[in-house]
Amino acid sequence: MQARPTEAESRPAPATSPDSPPPSSSALQLTGLTRRFGHVTALDGIDLTVNAGQFMVLLGPSGSGKTTLLKLVAGIDRASAGSIAIGTRIVADQRLHVAPERRGLAMVFQQYALWPQVSVLANVVYALDRLHLPRQESRRRALAMLDRVGLVRLANRRPPELSGGEQQRVALARALVARPAVLLCDEPLSNLDADLRERLRAEIATLARENDTTVVYITHDQVEAFALADRIGVLQDGRLVQCDLPESVYHAPATPFVARFTGVAGELHGRVAGRPDSAGRFLVDTPNGPLAASGPAPEPLGSAVTVLVRPAAARLVPSVDDDSGLLSRVRDVAYRGHGYDHLVELADGTLLTGVFAEQRYQRSEEVRVRLDPSGSFAYRADASA
Ligand SMILES: Nc1ncnc2c1ncn2[C@@H]1O[C@H](COP(=O)(O)OP(=O)(O)OP(=O)(O)O)[C@@H](O)[C@H]1O
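Conventions and cut-offs
Residues numbered from 1 in each chain as written. Predicted model: local features only at pLDDT ≥ 70, side-chain atom pairs only at ≥ 80, totals over all residues. Helix = DSSP H or I, 4+ residues; strand = E, 2+ residues; numbered from the N terminus. Buried ≥ 20, exposed ≤ 12 C-beta atoms within 10 Å, placed from the backbone. Contact = placed C-beta atoms within 7 Å. Expected span 1.5 Å × (residues − 1). Arc of directions from axis to C-beta. Pairing = 2+ DSSP bridges. Axes fitted to C-alpha atoms, helices over the stretch in contact; angles between N-to-C directions. UniProt positions renumbered as here; feature names shortened; annotations may be inferred. Right-handed = clockwise from strand over helix to strand, strands pointing away.

1. A short note on the overall build of the protein chain
Right, on to step 1. Helix and strand counts for the protein chain stand at eight helices and 21 strands.
Right, on to step 2. Its C-alpha atoms give the protein chain principal-axis dimensions of roughly 80 × 50 × 40 Å.
Right, on to step 3. Within the protein chain, the fraction of its 385 residues that count as buried is 39%.
Right, on to step 4. In the protein chain, once contacts between residues fewer than 6 apart in sequence are set aside, the share between residues at least 24 apart is 67%.

2. Looking at helix α5 (residues 194-210)
Think of an α-helix as turning once every 3.6 residues; residues three or four places apart then point the same way.
Right, on to step 1. With 17 residues, α5 extends 24 Å from end C-alpha to end C-alpha; this agrees with the ideal 24 Å at 1.5 Å per step.
Right, on to step 2. Listed as buried for α5 are Arg201, Ile204, Leu207 and Ala208. Seen from one end, α5 has its buried residues packed into an arc of 140 degrees, which puts them on one side. Those residues of α5 that are exposed and aimed more than 90 degrees away from the buried face are Asp195, Arg199, Ala202, Thr206 and Glu210.
Right, on to step 3. As for α5, its buried residues are in contact with β4 (55-59), α3 (135-148), α4 (164-177), β8 (182-186), β9 (214-219) and α6 (222-228).
Right, on to step 4. Just beyond α5, the residue with positive phi is Asp212, at close to 55 degrees.

3. So, the sheet that holds strand β11 (residues 239-244)
Right, on to step 1. Spatial ordering of the open sheet is given by β7-β8-β9-β4-β10-β11, a layout of six strands whose pairing is mixed. On the outer flanks of this sheet lie β7 (105-108) and β11, each paired with one strand and no other. Geometrically, the sheet is characterised by an average inter-axis angle of 20 degrees between neighbouring strands, direction not taken into account.
Right, on to step 2. When β8 meets β9, the two strands line up parallel, connected through five bridges. Residue pairing in the sheet places Cys185 in a bridge with Tyr217 of β9.

4. Points about the UniProt feature "domain: ABC transporter" (unreviewed entry) in the protein chain
Right, on to step 1. If you check UniProt for "domain: ABC transporter" (unreviewed entry), the listed places come out as residues 28-262 in our numbering.
Right, on to step 2. In residues 28-262, helix accounts for 34% and strand for 27%; the two terminal C-alpha atoms are 25 Å from one another.

5. Topic: the pairing of β9
Right, on to step 1. The buried count for β9 comes to six of six residues, which makes it a mostly enclosed element.
Right, on to step 2. Of the two faces of β9, the one carrying Thr214, Val216 and Ile218 and the one carrying Val215, Tyr217 and Thr219 are both buried.
Right, on to step 3. The pairing of β4 with β9 spans five bridges and is classified as parallel. Bridge pairing links Val57 to Tyr217 in β9.
Right, on to step 4. For the handedness criterion, the β-α-β arrangement of β8, α5 and β9 is classed as right-handed.

Okay, here's the thing in C-alpha cells:
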C-alpha cells in the first residue's frame, strides 16, 4: 500500500510550457501567489520565475508585500492561493505545506539572528547540522566560509563582541555554508552605516556569484537594487508591476510608479505634438517649450501626457551660449565631489531636482535644461500610477 503524502513531502512541479525555460534552470517558481489578511490583500496573484544562479531583487515601498512574499517562500506563512516550487518540487500549494527546514533555503535578515551565547564558529557549524557531516568536516567547512568573509580570526568570539557589519558577515557565512538552493535576504544591510553597507553589498554579490547561489533579495532602496540585481521585480500594492533586467527597468519603466520609485528629477505636463519616429520618440508640447520623449505615444495627437525625467537625462547648459533646451532658473546647488547637483525651476514653476553639471551655476542664474529623450518617459496623463 502506498503511503499518503505527509506535510513534509513535496510533489514534482508541473511540466512547463514549450516556451518556458527547462525546469532544471528554474530555482524558484511562484504561480498566482496570493496572501490575504482579512480585507487586506498583501500579495495579489504573483507569477515569478527565478532562474538558478540568478540574483533577483524585489523592490517596493513599505507595505508593498515584500516581507509577506519572503515569508511564504520560506514557509513561515501560508498562502491564501497559488503555489511555490523550489527547483522541480512543489513546496506549497492549497494542499501541501513543506516545513521551512525542509525547503533547502537559508535566510539573512536585517537583525542578524545569531546565537549570542555561543562562538561565531559554532553559529556557522550549526547550519551544517542537517547534513550530518563528520564533526571535523563541518568545522573545516565553517572555517573556510568564515575565511571567505574575512572573519576566521574572530571564530572564537561570541556575536555580541562583534560590530554590526561583522555580525552580518557571520550571518552571511552561516547562510551560505550549507549551499542552500535559494538564499532569501530581507533588507540585510539596512542596519549598517552607508560606507559599510556599500562594502558588504559588493561582498554579498561576489559571494553569491562565486557560489552560484540563487538569491531573492528584498529592499526598498533602488540604489541597492540596481547595484545587486540580475533581475529586478517591482512590487506595488501586492502586485508585481515589472520584472526585468535592471537596464530595462531604468530605461523603459513600465508605469509611472516604476519610474518614480526608481528615481526621477521631476515631472512635466504637456500634449502629444508629433508621431513617434523609428526610435519611438515623439514631440511633446509643454508650457516650457517642446521636448522629445520616449514611450508608447498615446493617441490621438493632442492627448495629455506626463513626462517623467531621470536625473541623468537632464543637463544644464548656460542660457547665453545655447538656445536649445528649456529656459529655467537655478534655485539651489549642492556640491557632489565630481560636480554639482542643481535644483532648477522651469518657466511654469515645475521643479527638477538633482540636475547635474560639472560646473557650479549660481542661485538665481538663468540657465537652460537639456533633456535626453531616452530618459524622458511620457505616459498618458490619466495613467493611474
Ligand atoms: N499579519 C498581518 N496582518 C494583517 N496585515 C498584514 C500582516 N502582515 C502584513 N500585513 C499587511 O500586508 C501588506 C504588506 O506587508 P509587508 O510587510 O509584506 O510589506 P513590506 O513591503 O515588506 O513593507 P516594509 O518594507 O515596511 O517591511 C501591508 O499592508 C501590511 O499592513
